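Structural overview
As a plain string of letters, each chain reads:
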Amino acid sequence: MYKNTTFSFFLQVFYYICLRDCEFFHSLTLATILKRVKKNKRNIFYLVFLFRFVYNKFFKKKMVNTISNIGTEISLIISKTSSVSTISEQERINNFLDSINKLKVSLNNRVEKLKQIDSLFAQLTWVDIKSKEDEELIKKIIIDSKKFHSKLLRNYVNLKNSLWQSNICREEITCYKNILDDIEDSVFEIEQIFFSLRTDEEFNNLLKSI
Amino acid sequence: MPVFLTEEFVSEVSLLLKDTSHNDCEKEIIKSIFNSSLEEVRLNGCKRLGGDPNKSPFLRKRIETENAGKSSGYRLYFWLLIEEENIYLLFIHPKTGRRSSTNITTEKQKELVKTFTNHRKNNLFKEVEVQNGRIVYCSEKKTKDLVF
């Protein structure tokens with residue numbers, strides 16, 4: 001592309017030179033031209049010289065200019081490229097503290113959501129299974145919750161491994177672990193209440209007698 | 001809100017209080033049962049094991065401790081008679097520590113139902129209240145007897 005640009009530039013220069021000469025010759029009659037040519041052969045030499053000069057210059061300059069332009073551009077980039085400014089110590093500390101704060105907020109939000117789930121587990125025990133669909137639904141809830149708990153437990157282990165030693169978010173990580181234990185406990189309780197205790201005939205008979 | 005206890009409950013808490021890791025047990029019971037309304041007791045994280053949810057639910061409550069979360073606190077088993085607004089504390093166990101145990105078995109829970117029925121029938125429950133931050137037996141006496 002660069003070469004093409006240079007080439008077309010010289011083509012244009014050459015074209016304008018020729019055009020100017022044509023205009024000049026065009027303004028004269030053929031006889032005058034011949035006369036002038038005869039009178040001054042130097043003009044022809046001049047024209048030929050001019051043509052050859054421009055032609056040679058066109059090819060030669062194309063190479064020279066390409067290298068020159070590349071060189072100029074390189075020089076320009078070098079001269080204009082200043083070194084990338086480093087982050088100051090204070091900025092680095094601020095960024096670090098910001099990310100810790102974000103993590104704290106994220107962990108606190110997660111704990112709140114898990115508390116909500118735990119509270120829903122408690123609410124679930126206040127209803128009874130009335131149909132096969134209810135039973136299937138509770139079974140599904142238990143399976144999903146166990147998977148969810150395992151996933152979050154892995155997340156907790158990763159967090160603890162990466163942050164505990166550095167004393168980062170210890171309080172939040174502990175809260176996270178506590179609520180995960182609560183969830184695990186709740187899932188176990190739900191399973192026990194619905195599928196062990198409430199299906200026990202003796203237990204139900206005892207309740208009826210009260 | 002009248003609170004009643006069984007002898008088994010008293011002996012369990014007495015044993016727990018001897019242990020330094022569970023010496024907050026009485027304080028936590030007061031906080032979560034005696035200092036709360038019936039609705040707060042019923043709705044605040046209680047799981048119904050059985051019984052009529054609107055009249056006499058048999059419940060399990062997680063009691064959170066100050067040092068740790070709910071998961072490592074206590075498990076309290078009690079009966080609630082909503083109309084009378086009576087609470088019958090039947091059993092407690094810590095989740096962690098030397099005297100800890102995992103959640104009690106179905107057999108133990110059935111035993112608690114039997115205990116409740118038997119104690120109600122034979123009027124064996126002891127009514128208690130809180131005085132100066134301690135659980136005491138209800139009586140006409142000026143200086144009431146400490147339960148634990």
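What comes next is a walk through the structure. (Residues numbered from 1 in each chain as written. Chains lettered and ligands numbered in written order. Predicted model: local features only at pLDDT ≥ 70, side-chain atom pairs only at ≥ 80, totals over all residues. Heavy atoms only, no water.)

Turning our attention to the interface of chain B and chain A. Every contact between the two is made by 30 residues of chain B and, on the other side, 26 residues of chain A. Taken together, both faces of the contact between chain B and chain A bury some 2400 Å²; the carbon and sulfur share is 52%. The largest contributions to the chain B side of the interface with chain A come from K47(B), R48(B) and K110(B), which together make up 27% of the buried area. Here chain B is connected to chain A by eleven salt bridges. A salt bridge links R62(B) to D185(A); the shortest N-O distance between them is 3.9 Å. At the surface where chain B touches chain A, the tally comes to 19 residue pairs in polar contact (both at pLDDT 80 or more). For the side of chain B that touches chain A, the elements supplying multiple residues, two or more each, are β2 (46-52), β3 (56-63), β4 (74-81) and α4 (106-121) of chain B. Ranked by residue count, the leading element in the side of chain B that touches chain A is α4(B), at seven residues. When the residues that make up the side of chain B that touches chain A are grouped by side-chain class, the tally is ten nonpolar, ten polar and ten charged. (Contact = heavy atoms within 4.5 Å. Buried area = accessible area lost by both parts, 1.4 Å probe. Salt bridge = Lys/Arg side-chain N within 4 Å of Asp/Glu carboxyl O. Polar contact = N/O pair within 3.5 Å; in protein donor to acceptor, adjacent residues only side chain to side chain. Helix = DSSP H or I, 4+ residues; strand = E, 2+ residues; numbered from the N terminus. Nonpolar A, V, L, I, M, F, W, Y, C, P; charged D, E, K, R; others polar.)

What follows concerns the side chain of K61(B). Residue and element names in this part refer to chain B. Structurally, K61 can be placed in strand β3. For K61, the side chain forms a polar contact with the main-chain oxygen of N44, separated by 2.8 Å. Apart from the residues within four sequence positions on either side, K61 is in contact with S32, I33, E40, V41, N44, C46, Y74, R75, L76 and F78.

Glancing now at the nonpolar core. All names here are of chain B. Counting 29 residues, the largest nonpolar core has F9, I29, I33, F78, L89 and I92 as the members making the most contacts within it. The greatest single-element share of this core, amounting to five residues, is contributed by helix α2 (residues 25-34). Beyond its immediate chain neighbours, meaning those up to four positions away, L89 contacts V3, F4, L5, T6, F9, I29, I33, L76, Y77 and F78. (Core = buried A, V, L, I, M, F, W, Y, C linked by side-chain atoms within 4.5 Å. Buried < 20%, exposed > 50% of the residue type's maximum accessible area, 1.4 Å probe, protein only.)

Let us look at the pattern of salt bridges. Following the criterion strictly, the structure yields 25 salt bridges over all chains and no others. A salt bridge links E191(A) to K146(A); the shortest N-O distance between them is 2.9 Å. Here the residue E191(A) occupies a position in helix α6 (residues 170-197), and K146(A) occupies one in helix α5 (residues 132-163), the gap between them amounting to 45 residues. The closest approach of N and O atoms between D182(A) and R62(B), which form a salt bridge, is 3.3 Å. Of this pair, D182(A) sits in helix α6 while R62(B) sits in strand β3, placing the two residues on different chains. Look at D182(A) and you get buried, because its relative accessible area is 5%.

Turning next to the packing of helix α4 (residues 89-124) of chain A against α5(A). All names here are of chain A. It is at 13 Å that the axes of α4 and α5 come closest, and there the two elements cross at 155°. Relative to α5, α4 is oriented roughly antiparallel. Judged by the sense of rotation from one axis to the other, the crossing of α4 with α5 is left-handed. Contact residues: L103, L107, R110, L114, I117 and F121 in α4; I141, S145, F148, L152, N155, L159 and L163 in α5. Taken together, the residues that form the contact of α4 with α5 break down as ten nonpolar, two polar and one charged. (Axes fitted to C-alpha atoms, helices over the stretch in contact; angles between N-to-C directions. Parallel < 35°, antiparallel > 145°, perpendicular 65-115°, else oblique. Left-handed = near helix turned anticlockwise from the far one by under 90°.)

With that out of the way, let us pick up the environment of S85(A). Residue and element names in this part refer to chain A. Mapped onto the elements, S85 comes out in the loop between α3 (41-80) and α4. Using a relative accessible area of 64% as the deciding quantity, one classes S85 as exposed. When the C-alpha atoms of S85 and L120 are compared, they prove to be 53 Å apart, with 35 residues separating the residues in sequence.

With that settled, the discussion passes to a positive patch on the surface. All names here are of chain A. Where like charges cluster on the molecular surface, the positive patch consists of R110, K113, K151 and R154. Of all the secondary-structure elements, those providing two or more residues to the positive patch are α4 and α5. Summarising the element assignment, K151 is placed in helix α5. (Patch = residues over 30% accessible without salt bridge, like charges linked within 9 Å, V, L, I, M, F, W, Y side chains within 5 Å. Areas by Shrake-Rupley, 256 points an atom, 1.4 Å probe, with all protein chains shown as cover. Lys, Arg positive; Asp, Glu negative; His and termini not counted. Charge placed at Lys NZ, Arg CZ, Asp CG, Glu CD.)

Before going further, it helps to spend a moment on the sheet that holds strand β6 (residues 126-131) of chain B. Residues and elements named next belong to chain B. An order of β2-β3-β4-β5-β1-β6-β7 is seen for the seven strands of this open sheet, with the pairing classed as mixed. A single partner strand is all that each edge strand has here, and the edge strands are β2 and β7 (134-137). Between one strand axis and the next, the sheet turns by 35° as a mean value, whatever way the strands run. Taken together, the three bridges between strand β1 (residues 3-5) and β6 define a ladder with antiparallel strand orientation. (Pairing = 2+ DSSP bridges.)

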